[in-house]
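Now for the letters of each chain:
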Amino acid sequence: MSAEPSLPLPSPAPRFGVWLIGARGSVATTAIAGCAAVVAGLHPPTGMVTETSDFTSCGLPPLSSLVFGGHDTVDCPLPKRAEHLAAGGVLPHGLPSAVHAELTAADQEIRSGGPLPGDTDGGSGRHDDELIDVFAADMRDFVRRQGLAGAVVVNVASTEPAPADGSLPPSSLYAAAALRAGCPYVNFTPSTGLHHPALASPAEASGLPWAGRDGKTGQTLLRAVLGPMFAGRALDVRAWSGTNLLGGGDGAALSDPAAAAAKNAGKERVLADTLGAAPEGEVHIDDVPALGDWKTAWDHIAFDGFLGTRMILQTIWQGCDSALAAPLVLDLARLTARAHEKGLSGPLGELGYFFKDPVGPGPAGLAEQYAHLVAFASRLRDPEPELEREPEPEPGREPEPKGAVGPGSPWRASGEER
């Protein structure tokens, strides 16, 4: 008796890499732990835009298909970092233990970053091009060893000051490495990244999509809603001042006035773009280590109403930046990976919904930005199967009943067996 032929096994679903710059920081750790928690059904995907109904059937990589790795200059293991975040209330109690295996797997894919002391300063250390080569080799090796369909590089490292000369800051070295490795790039920070003039031509020639910069998670998110509200109601905003109190790594990094200036540029752009001109006022950033990963943002808005009546609106935003940013990092990785898969390249201005200082043209108001994002999602969908029209029945022949799927049915999907 002959054996029956075996059916071919289905091809495994493709997996996609998320290569995080600053992979052991609070945002990266929260994103990795959160992704594992959602995949395991331990928590709902609250805060993830791409898990809402407007983004179904877009062909986005499933969360279960994401593989994490990255660069960092610190050596605290991800499971230990997650425990620290849970102790501070950023991660739910018990979650680090529940997703310990996923955190350990990601930690094993983190490589030493840079520049390190002695690099790029004219000494005997590694110079720019060598660092870019090393970083790009790490990214390519990650994709090869894991058998990935590709990887998206996402910068979630601490904010750096804008370069005072023509040198490439660390964020730009990593961005250049992403281009060299053939990986799409997302800059979730206000750091220079691909905005450096020396990278403009390589970015255009790469054929890769990129997005950024500076994730919009709290104070500026609210400004992107309130600015259009004032403009739409023809209310004259005279002054808009703000204060940020924050701790953790961000607080320490932004205590540098140059880094704070880079951060505030995006906040000011939102007001200028939504109101037509930047009103009086500044944003002050204060480092308060006792706050840890939490922050308080206060805005004081002075505006004139009918007949010049003077009024005030004050807002207070208290939140956890890591928990606000992490789901957006996952959204951006999925959207950018899909854009690359669909052959899109250049600046993804449609992702401006996520950023304070978005690349490419686009609106500044949050509602309009969301409409652009939904339209972009439609572009990512695969086309529906085309239908072929059957020839009209011969004269004198009775048409088949409506809805029948037979030789005389008027509509049939292309390639359907006849």
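Residues numbered from 1 in each chain as written. Predicted model: local features only at pLDDT ≥ 70, side-chain atom pairs only at ≥ 80, totals over all residues. Heavy atoms only, no water.

Engineer: What exactly am I supposed to notice about the overall build of the protein chain here?
Structural biologist: Scanning the protein chain for helices and strands turns up twelve helices and 13 strands. Across the 418 residues of the protein chain, 47% fall into the buried class. Of the contacts made within the protein chain by residues no fewer than 6 positions apart, 77% connect residues no fewer than 24 positions apart. Roughly 20,300 Å² of accessible area belongs to the protein chain as shown, and the carbon and sulfur atoms make up 56% of that amount. (Helix = DSSP H or I, 4+ residues; strand = E, 2+ residues; numbered from the N terminus. Buried < 20%, exposed > 50% of the residue type's maximum accessible area, 1.4 Å probe, protein only. Contact = heavy atoms within 4.5 Å. Areas by Shrake-Rupley, 256 points an atom, 1.4 Å probe, with all protein chains shown as cover.)

Engineer: Which parts of the structure should I look at to understand the sheet that holds strand 10 (residues 310-320)?
Structural biologist: Within a sheet, each strand pairs with its neighbour through backbone hydrogen bonds, oriented either parallel or antiparallel. Pairing is mixed across the open sheet formed by four strands, whose spatial order is 8-7-9-10. The sheet is open, and its two borders are formed by strand 8 (283-287) and strand 10, each paired with just one other strand. Neighbour to neighbour, the strand axes of the sheet diverge by 10° on average, direction disregarded. Taken together, the eleven bridges between strand 9 (residues 294-304) and strand 10 define a ladder with antiparallel strand orientation. Each bridged residue has a counterpart across the sheet, and for D304 the counterpart in strand 10 is R310. Together, strand 7 (236-246), strand 8, strand 9 and strand 10 form the strand contacts of helix 8 (residues 219-232), whose direction differs from that of strand 7 by roughly 170°. (Pairing = 2+ DSSP bridges. Axes fitted to C-alpha atoms, helices over the stretch in contact; angles between N-to-C directions.)

Engineer: Can you help me understand helix 8 in this one?
Structural biologist: One turn of an α-helix holds 3.6 residues; hence residues three or four places apart share an orientation. End to end, helix 8 covers 20 Å across 14 residues, agreeing with the expected 20 Å (1.5 Å per residue, within 8%). Of all the positions in helix 8, only Q219, T220, R223, A224, L226, G227 and F230 are classed as buried. Once helix 8 finishes, A234 follows within two positions and takes phi at roughly 55°, a positive value. (Expected span 1.5 Å × (residues − 1).)

Engineer: What exactly am I supposed to notice about the packing of helix 2 (residues 78-87) against helix 4 (residues 100-107) here?
Structural biologist: When two helices pack together, their arrangement is captured by the angle between the axes and the distance separating the axes. One can describe the packing of helix 2 onto helix 4 by two numbers: an axis separation of 8 Å at closest approach and a directional angle of 130°. On the basis of the axis angle, helix 2 is oblique to helix 4. On helix 4, the residues touching L78, P79 and A82 of helix 2 are H100, L103, T104, A106 and D107. (Parallel < 35°, antiparallel > 145°, perpendicular 65-115°, else oblique.)

Engineer: Please clarify how unusual backbone geometry should be interpreted in this entry.
Structural biologist: Working note: non-glycine residues mostly have negative phi, and peptide bonds are mostly trans. Residues G114 and P115 are joined by a peptide bond in cis, for which omega reads 0°. On the secondary structure map, P115 appears in the loop between strand 3 (110-112) and helix 5 (128-146). Residue R213 is reached from G212 by a cis peptide bond, and omega for that bond is -10°. The phi dihedral of S57 is positive, around 60°, even though this residue is not glycine.

Engineer: When you look at helix 11 (residues 321-341) in this model, what are you seeing that I'm missing?
Structural biologist: Between its first and last C-alpha atoms helix 11 spans 30 Å; for 21 residues at 1.5 Å apiece the expected length is 30 Å, and the two agree. Counting buried positions along helix 11 yields 17 of 21 residues, so the element is predominantly enclosed. Following helix 11 by one or two positions, G343 has its phi on the positive side, about 85°.

Engineer: Looking at this structure, I do not really get the sheet that holds strand 3. What am I missing?
Structural biologist: With parallel pairing, the seven strands of this open sheet are ordered in space as 3-2-1-4-5-6-11. The strands lining the two open edges of the sheet, one partner per strand, are strand 3 and strand 11 (346-347). One ladder, built from three bridges, connects strand 4 (residues 150-155) with strand 5 (residues 185-187); its direction is parallel. Each residue of the ladder has a partner; that of V153, found in strand 5, is Y185. Together, strand 1 (16-21), strand 2 (66-72), strand 3 and strand 4 form the strand contacts of helix 5, whose direction differs from that of strand 2 by roughly 160°.

By themselves, these observations are geometric and do not establish any function.
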